[in-house]
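# A look at the structure
Listed below, chain by chain, are the residues.
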Amino acid sequence: MSRKVYSNFIAGKWSQAEGKGKFENRNPADFRDVIGVFPLSTTVEVDKAVHAAAKAYDGWRLTPAPKRASIIAKTGELLLKHKEELARLMTREMGKVLKETRGDVQEGVDMAAYVAGEGRRLLGETTTSELKNKLAMTLRMPIGVCGMITPWNFPIAIPTWKIFPALICGNTVVFKPAEDTPASAVRFVEILEQAGLPTGVVNLIHGGPAAGQALVRHPEVRVVSFTGSCEVGREVASNCGRMLKRCSLEMGGKNAQIVMGDADLDLALEGALWGAFGTTGQRCTATSRIYLHHKIYASFVKSFVRQAKKIRVGNGLRSNVQMGPLINEAQRNRVHEYVKIGVGEGAKLECGGRIAKGPGLKNGFFYVPTVFTHAHSEMRIIREEIFGPVVSLMKVKSLDEAVTEVNKSAYGLSSSIYSNDIANAMKAVRDIEAGITYVNGPTIGAEVHLPFGGVKNTGNGHREAGKTALDIFSEWKSVYIDFSGKLQKAQIDTD
Ligand code: NAD
C-alpha cells in the first residue's frame, strides 16, 4: 500500500516544515494501511502561512466579488468531477461508508453553488437619513486573515462551510485540518489551487494542538472559526477573548429524538437507526437519546434492538457495509469506557457494548452498535457526548416530559420529533432548546442554505452555512453620503 509524504501549502508552494516532527495518518478500518506522513508544523510554519495570507489580503479583497465567486464555482465543479476519488480517499482516511463520503463531497459542491451566488449579492441596506440631501447605507467588509480549525468527521464539507464564505467576503485563510484527515484537506486545497485561487489566499498547515494554538494566538489572525470538541473550543474562545478577536465555535451535541404514540413508527424507527448509527455515531448531530411515549415504548425498543443487531459493520469501501469503524484506537477505548460507565450507573445494555470481531475486522477500530435502556438524565451516558455508536432509549409519559428531558442537556445542537399531530410537532419546535429541530426526520441531515449551529454549550451564538455564515466573516460598515454641500449635524440640526 502506498505511503506518501505530504507537505504544507504556504504562499502557493507545497513545502515541508522546518522541524523534524512528523505524524502518520492510518486507515481506521485497517491500521496497517498508512495513508501518508505529514509535517507536524510549529509556530514557524504557522507564522509563514499567516504572513502569506496577510500579503495576499489586499489583492483578494479588491478582487470583485463576482470574480471571487467564479473561482468558488469552479472549485465546486472540480469537487463534483473528483467526487468518487475524494469519497474513496475520505473513507480510507476516516472510515465512514462510501455513500456517506459521497454525501460529504456533495455538501461541498452544494456549498460552492450557494456561496458563489452570494458573489452577486453580499447585500447591505440603503436607508434614509434624518437630514436633508443625505443618504445612508451599509456594506459588508472583509476582516482579514481567518484561521480555520476543523475536525475529522466531515473532512471536505466542514472546510467548505468555513473557507467558501470567508473567501466570498474577501478574506484570506490559513486552514489547519484535523490530524486524522489531512490527506482529504490536501486534495481540497489542490482543487482550490486548480480552480485558479491566487497565491497565498488559502494556506494549509498540518499538525496537532500546537499548530492550532499558534494559529489562534497569532496576532495577525483576525477571525478564528473552530469546529471540534467543547473542551478545545473553550480554550480557543478564551485565547480569542484575551486578544479581542472574533471567534466562531461549533462544538458537541447530545441530540435527542422524541417519538410520540401517534407517530408513523416505521418511519421513526428508520430515522432513529440512521441518526444513531450513521457515521458510526460520530456526527455532532448524531442521535444519542431517544424519548419514547410509554404506549409505544416496549414495541419500539424491541424493533430497534432487533434492527441494531443486524447492522453490518466493516470497511466502508465495501458496498454491503452499513457502518464503518471509529476514527482511532483512543476513540474506541473512550466509547468502550462509556459503555462500562453506563453499565456501572445501572443502565441496561440491550445489545452491543463490545469491540466488533469477525472476518476483516481484526485490524480496524470497529465497535458493535450499542443500545441502552433504563437510563436517566443524571447518568453520564445521558449527559456527556460519547461520539460513537451508542444510544439510549427512554420512556416518557407525555410530550411535556419528553421536552423537559431533552432540555436537561448542557448541549443544544439538533433535535427531532416524530408525530402525526401538528400540535405536538409545533410545541416541540417551540419548546426544544436546540439550533435545529426536525419534524418527522432524524437529528441528522442539515442542508447548506439554512443556518447550522446550536445553543448552550454547542456554540457561542454564531451560525455556519446559510447566509448567516457571512456574518462570521464580514464586518458591517455604515456609510453616510452627504450631498448638501454644508455641515449638517445629526441630532442637533433638527429643523
Ligand atoms: P477536537 O476538539 O479534538 O479537535 C478539533 C480540531 O482542533 C483539530 O484540528 C485539532 O487538531 C485542533 N486542536 C486541538 N487542540 C487544540 C488547541 N488547544 N488549540 C487549537 N486547536 C486545537 O475535536 P475532534 O475530535 O476532531 O472532533 C470531534 C468533536 O467535534 C466532537 O465533539 C463533535 O461534536 C465536534 N463537531 C462539532 C460539529 C458542529 O458543527 N457542531 C461538527 C463536527 C464535529
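These numbers were taken from a predicted model, which means no experiment stands behind them.

### Some thoughts on the side chain of Asn424
Its location among the elements puts Asn424 in helix α14 (residues 422-431). For Asn424, a relative accessible area of 12% gives the class buried. If we skip the residues at most four places from it in the chain, Asn424 touches Met260, Asp262, Leu399, Ile417 and Ser419.

### Details of unusual backbone geometry
At Thr280, a residue that is not glycine, the phi angle is positive and equals roughly 55°. Considering the arrangement of structural elements, one finds Thr280 in the loop between α9 (265-277) and β14 (287-293). The exposure class of Thr280 is buried, given its relative accessible area of 1%. Despite not being glycine, Phe387 has its phi angle at roughly 60°, a positive value. Within the element layout of this structure, Phe387 appears in the loop between α12 (380-383) and β17 (390-396).

### Regarding the site of the ligand
In the neighbourhood of the ligand, 29 residues make up the surrounding shell, with Thr150, Lys176, Ser229, Met251 and Glu385 lying closest. Take Glu179: an N or O atom from its side chain is 2.8 Å from an oxygen atom of the ligand. Here an oxygen atom of the ligand and a side-chain polar atom of Glu385 are 2.6 Å apart. With the chains in place, 90% of the 850 Å² that the ligand exposes on its own is no longer accessible.

### Considering the domain arrangement of the chain
One can read the domain layout of the chain as domain 1 (8-251 + 459-478) and domain 2 (255-439). On a C-alpha basis, the centres of domain 1 and domain 2 stand 31 Å from each other. Contacts between domain 1 and domain 2 engage 21 residues on the former and 26 residues on the latter. Counting the contacts that link domain 1 with domain 2 gives one salt bridge. Where Arg283 meets Glu100, a salt bridge forms, and the shortest distance between an N and an O atom there is 3.8 Å. The interface formed by domain 1 and domain 2 contains six residue pairs in polar contact (both at pLDDT 80 or more). At the level of elements, β5 (30-39), α3 (83-94) and α4 (98-118) are the ones that each hand at least two residues to the side of domain 1 that touches domain 2. If one sorts the elements of the side of domain 1 that touches domain 2 by residue count, α3 sits on top with four residues. Here the side of domain 1 that touches domain 2 is composed, by residue class, of 10 nonpolar, three polar and eight charged.

Rules used throughout
Residues numbered from 1 in each chain as written. Predicted model: local features only at pLDDT ≥ 70, side-chain atom pairs only at ≥ 80, totals over all residues. Heavy atoms only, no water. Helix = DSSP H or I, 4+ residues; strand = E, 2+ residues; numbered from the N terminus. Buried < 20%, exposed > 50% of the residue type's maximum accessible area, 1.4 Å probe, protein only. Contact = heavy atoms within 4.5 Å. Near = heavy atom within 4 Å. Polar contact = N/O pair within 3.5 Å; in protein donor to acceptor, adjacent residues only side chain to side chain. Areas by Shrake-Rupley, 256 points an atom, 1.4 Å probe, with all protein chains shown as cover. Domains from an automatic or database assignment. Salt bridge = Lys/Arg side-chain N within 4 Å of Asp/Glu carboxyl O. Nonpolar A, V, L, I, M, F, W, Y, C, P; charged D, E, K, R; others polar.

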